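# A closer look at the structure
Spelled out, the chains give:
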Amino acid sequence: ALYPMVVVSTIAAAVASQAVISGAYSITKQAIQLGLLPRSRIVQTSATEQGQIYMPLVNWLLLFGVLGAAIGFGSSTTLTFAYGLAVSGTMLITTLLTFFVVRYGWQYNLFICLLSTGFFLIIDAAFVSASSVKLVEGGWFPLAMGLGVHGLLMTWKRGREALAERMRQDTMPLALFIQSMFHDIPLRVPGTGVFMTTAPDGVPRALLHNLLHNKVLHARVVLVNVVTEDIPCVPVCERVRVEELDFGFYRVFVRYGFKDDPDIPAALAMCADQGLPFELMESSFFLGRETLIPRKTSPLTLWRDRLFILMFRNAHSAADFFSIPPNRVVEFGTQVEL
């Protein structure tokens with residue numbers, strides 16, 4: 001039975017590798033949407049299947065990870081120790097998460113939740129405890145990888161929060177800015193200026209730089225705020241919401257789920273039903289490109305501050321991520337101390 005088992009195991013390995021690759025792409029994309037990882041290049045490989053994607057960076061990281069594990073462990077026997085703890089740990093974490101889904105997502109009785117998940121939790125805990133005796137022989141590997149990924153996720157999350165707070169301190173209130181336009185009216189030019197913003201009540205830096213350096217303001221100014229909801233998909237009918245402000249300003253809220261593909265031009269085209277017709281070839285998208293400079297009083301620890309700046313510097317272009325045509329994009333660079 002040796003040769004038939006070799007064939008079966010080879011086929012099983014191929015199927016498992018495809019599952020790992022597809023899962024890694026999907027989870028990474030969802031983490032990016034939820035603001036836990038920097039933007040990365042996502043290639044849509046199918047015209048009909050939304051979830052069929054390819055991420056070059058993740059693909060290379062998987063390759064180096066597999067080669068490193070194979071070379072480092074040297075044999076399938078030692079690699080089994082790492083695999084056993086990884087699988088049993090995943091089962092334990094899945095059972096714990098199931099409790100929260102059943103209890104808080106499905107609103108079941110607490111006793112039923114404890115009874116249904118407690119049984120599996122005891123079994124999973126037994127597997128984990130049995131696998132933990134091989135921690136030194138190789139079980140440390142999945143734990144180290146998990147801690148490393150967790151460190152990257154938390155660094156990006158806390159860094160984005162610190163950057164948003166820093167930007168908020170230097171942001172001019174939108175209402176005050178619009179009121180000032182009535183006292184010192186700038187030159188208005190035809191077309192639509194679209195400005196991406198993370199703070200809907202503030203003035204984007206790109207807008208201030210455009211007004212400061214070019215001395216003009218478009219006839220229509222659209223401030224777009226993108227929010228990723230903690231749900232897989234947002235219904236198309238709930239995708240956009242338009243608020244008309246004074247002096248030709250509009251505020252557009254765009255909602256996506258963590259499995260949706262962001263497409264700002266397509267979302268703006270939906271605004272016509274709410275009184276904001278949009279013509280792509282008559283619009284310009286103004287994006288800010290921040291250069292982060294470390295400072296001694298940073299709210300982040302030294303290593304996390306340096307790591308976040310490195311991740312931020314290598315993040316993918318916002319124009320590509322939001323499917324904005326490159327010939328309609330104008331970028332303004334600014335320096336921000338973090």
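Just so it is clear, the model here is predicted, and its values are computed rather than measured. (Residues numbered from 1 in each chain as written. Predicted model: local features only at pLDDT ≥ 70, side-chain atom pairs only at ≥ 80, totals over all residues. Heavy atoms only, no water.)

## Examining the environment of M196
- Tracing the backbone shows M196 in strand β3 (residues 187–196).
- Separated by ten residues in the primary sequence, M196 and A206 place their C-alpha atoms 8.5 Å from one another.
- If we ignore the near neighbours within four places in the chain, the residues touching M196 are P204, V224, V226, I264, F286, L287 and F322. (Helix = DSSP H or I, 4+ residues; strand = E, 2+ residues; numbered from the N terminus. Contact = heavy atoms within 4.5 Å.)

## Structural notes on the nonpolar core
- If you look at the biggest cluster of nonpolar residues, it comprises 30 residues, and the most contacted ones within it are V222, V224, V252, I264, L268 and F285.
- Mapped onto this core, the elements with two or more residues apiece are α1 (2–33), β3, β4 (216–228), β5 (240–244), β6 (249–256), α8 (264–269), β7 (283–293) and α10 (318–321).
- For this core, the element with the most residues is β6, which contributes four residues.
- In terms of nonpolar packing, the next biggest core, distinct from the first, is built from 16 residues, F177, F195, L211 and F247 among them. (Core = buried A, V, L, I, M, F, W, Y, C linked by side-chain atoms within 4.5 Å. Buried < 20%, exposed > 50% of the residue type's maximum accessible area, 1.4 Å probe, protein only.)

## With respect to the sheet that holds β7
- Taken in spatial order, the six strands of this open sheet run β5-β6-β4-β3-β7-β8, and their pairing is mixed. This sheet does not close on itself; its edge strands, each paired only once, are β5 and β8 (329–337). Across this sheet, the average inter-strand angle for adjacent strands is 25°, counted without regard to direction. (Pairing = 2+ DSSP bridges. Axes fitted to C-alpha atoms, helices over the stretch in contact; angles between N-to-C directions.)

## A word on the packing of aromatic side chains
- For the structure on display, the rule yields 18 aromatic pairs.
- Above the face of the Y104 ring, R103 is positioned so that its terminal group lies 6.0 Å from the ring centre. (Phe/Tyr/Trp six-rings, centres within 6.5 Å; stacked < 30°, edge-to-face > 60°. Lys NZ or Arg CZ within 6 Å of the ring centre and 35° of its normal.)

## Brief notes about the confidence of the model for the protein
- The predicted model of the protein averages 90 in pLDDT, with 100% of residues at 70 or higher.
- Within the protein, β6 carries the highest mean pLDDT (95), whereas β8 carries the lowest (85). (pLDDT = per-residue confidence, 0-100.)

## Digging into the packing of helix α3 (residues 76–105) against helix α5 (residues 135–169)
- Between α3 and α5, the shortest axis-to-axis distance is 7 Å and the interhelical angle comes to 50°. Classified by the interaxial angle, the pair formed by α3 and α5 is oblique. Crossing geometry of α3 relative to α5 is assigned as right-handed. Seen from α3, the contacting residues are T78, F81, A82, L85 and A86; seen from α5, they are L135, E137, G138, G139, F141, P142 and L143.
- A breakdown of the residues in the contact of α3 with α5 according to their chemical character gives eight nonpolar, three polar and one charged. (Parallel < 35°, antiparallel > 145°, perpendicular 65-115°, else oblique. Left-handed = near helix turned anticlockwise from the far one by under 90°. Nonpolar A, V, L, I, M, F, W, Y, C, P; charged D, E, K, R; others polar.)

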